[in-house]
Amino acid sequence: MDSNVKSIGVLTSGGDAPGMNAAIRAVTRAAIFNGMRVFGIYRGYKGLISNEIEEFKTNSVSNIIQKGGTILKTARCEEFMTEAGRKTAYENMQRHGIDALVVIGGDGSLTGAGVFANEYNIPIVGLPGTIDNDLNGTDTTIGYDTALNTIMESMDKIRDTATSHERLFFVEVMGRNCGYLALNSAIASGAEAAIIPEISIEKDQLAELINQGFRKSKSSSMVLVTESEVTGGAMNLAERVKKEYPQYDVRVSILGHLQRGGSPTAQDRILASRMGVAAIQALLENQRNVMIGIRENEIDYVPFKRAIKKDREISPELLEVLKISSI
Ligand code: ADP
């Protein structure tokens, strides 16, 4: 199919995620393979506005597939929220002759991409780069599997100390409004429960957990908590336990930024590579305003509007698996 896209820019934006480098590599190589020029844009939308743009060749992305973080750096950018900021960004694209963008980031970055694409009629393809797995239209996101593995390894270590002291541990993980990280980490680490935003809206998960009682033969309990206003976070829950259920010896562990780091797993490297190649394929097919998703192991094009809609449901099957396997 004939495409008008001869030159693309690639950027990473918002929260970093392991596998972003593998995605940058795949986008760059796939673009060059298809005869396009490629420009790396540093620091997300910030660099697009401040003109931190450099032409990439195939070796610009050598030796990065195994690295965490992003070689392009990432940033949050207030200025891109303004018309004036986006105008400067567009002018910089024109200056370099960039016809289209590949934006690797989370829901905020893809929201910004949608606004920019509509305003200036630019073809933009998004890749879901976030450890939170909170985008619609894709079974998983770049960085999610690595973060899950990191949390699982941390949980194995926390279990050693939790068991020795016979304690109740709340372990707080990222995820914002989405409980997938906490829920799947809980299953993978054999935790007692996961307190997640999707369920906390409906009921008091802490009261339910305590009232149903912990198994008598258990010498410790570990509960995953999503860092979120809805759950209140691990600290708040621990305070409540101290007040309302003083019989429990409670401790908190907040995993924080270590969840974002580390070398990406094979699954994330393969996902990022497939999605990067698919992004260029999408541009060749004159697709625009779509995020590359993966459904039942097949690549899919998901309109930005659907991808960023905040109505992703938590899987009832996973909830059931955790409930049954933790009795
Ligand atoms: P993430 O992509 O990880 O969700 P953020 O929510 O911080 O991260 O968004 C990253 C950036 O995307 C913001 O700093 C801003 O530059 C841009 N962005 C987000 N929402 C919009 C919007 N409505 N209009 C324009 N730009 C936006």
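These notes cover the structure that comes with them. (Residues numbered from 1 in each chain as written. Predicted model: local features only at pLDDT ≥ 70, side-chain atom pairs only at ≥ 80, totals over all residues. Heavy atoms only, no water.)

1. Looking at the nonpolar core
Nonpolar side chains tend toward joint burial in soluble globular proteins.
Piece 1. One finds Ile-8, Val-102, Leu-127, Leu-181, Leu-224 and Ile-280 to be the most contacted residues of the largest nonpolar core, which totals 64 residues.
Piece 2. Ranked by residues supplied to this core, first place goes to helix α10 (residues 266-284) with nine residues.
Piece 3. Both of domain 1 (7-143 + 264-307) and domain 2 (144-261) provide at least three residues apiece to this core.
Piece 4. Leaving out residues up to four positions away in the same chain, Val-102 has contacts with Ile-8, Gly-9, Val-10, Leu-11, Val-27, Val-125, Leu-127, Ala-279, Ile-280 and Leu-283.
Piece 5. Residues Val-103, Ala-113, Phe-116 and Val-302 belong to the second largest nonpolar core, which totals 25 residues. (Core = buried A, V, L, I, M, F, W, Y, C linked by side-chain atoms within 4.5 Å. Buried < 20%, exposed > 50% of the residue type's maximum accessible area, 1.4 Å probe, protein only. Helix = DSSP H or I, 4+ residues; strand = E, 2+ residues; numbered from the N terminus. Domains from an automatic or database assignment. Contact = heavy atoms within 4.5 Å.)

2. Section: the site of the ligand
Piece 1. In the vicinity of the ligand there are 16 residues, among which Arg-76, Cys-77, Gly-108, Ser-109 and Arg-176 approach most closely.
Piece 2. Arg-176 is positioned such that a nitrogen or oxygen atom in its side chain is 3.0 Å from an oxygen atom of the ligand.
Piece 3. When isolated, the ligand has an accessible area of 560 Å², and the protein chains bury 84% of it.
Piece 4. Element by element, the count of residues in the shell around the ligand is highest for helix α4 (residues 107-120), at six residues.
Piece 5. Per-class residue counts for the shell around the ligand are five nonpolar, eight polar and three charged. (Near = heavy atom within 4 Å. Polar contact = N/O pair within 3.5 Å; in protein donor to acceptor, adjacent residues only side chain to side chain. Areas by Shrake-Rupley, 256 points an atom, 1.4 Å probe, with all protein chains shown as cover. Nonpolar A, V, L, I, M, F, W, Y, C, P; charged D, E, K, R; others polar.)

3. Some details on the sheet that holds strand β2 (residues 37-41)
Piece 1. On the basis of which strands lie adjacent, the open sheet formed by seven strands has the order β3-β2-β1-β4-β5-β10-β11 and mixed pairing. Pairing within the sheet leaves two strands with one partner each, and these edge strands are β3 (53-56) and β11 (298-303). Each neighbouring strand pair of the sheet contributes to a mean axis angle of 30 degrees, computed without reference to strand direction.
Piece 2. Direction of pairing for strand β4 (residues 100-105) relative to strand β5 (residues 124-128): parallel, over a ladder of five bridges. Bridge pairing in β5 links Val-102 to Val-125. (Pairing = 2+ DSSP bridges. Axes fitted to C-alpha atoms, helices over the stretch in contact; angles between N-to-C directions.)

4. Topic: the sheet that holds strand β9 (residues 250-254)
Piece 1. Taken in spatial order, the four strands make up an open sheet running β7-β8-β6-β9, and their pairing is parallel. Lying at the two open borders of the sheet, with one neighbouring strand each, are β7 (193-195) and β9. Pairwise comparison of adjacent strand axes, ignoring direction, gives a mean angle of 25 degrees for this sheet.
Piece 2. In the sheet, strand β6 (residues 168-173) pairs with β9 via five bridges, with the strands oriented parallel. Within the sheet, the bridge partner assigned to Leu-168 lies in β9 and is Val-250.

5. Considering the pairing of β2
Piece 1. With four of five residues buried, β2 is to be regarded as a mostly interior element.
Piece 2. The pairing of strand β1 (residues 7-12) with β2 spans four bridges and is parallel. Bridge pairing in β2 places Val-10 opposite Gly-40.
Piece 3. Crossover connection from β1 via helix α1 (residues 20-33) to parallel β2: handedness right-handed.
Piece 4. Both β2 and β3 contribute to a ladder of four bridges, which runs antiparallel. By the bridge assignment, Gly-40 is partnered in β3 with Glu-54. (Right-handed = clockwise from strand over helix to strand, strands pointing away.)

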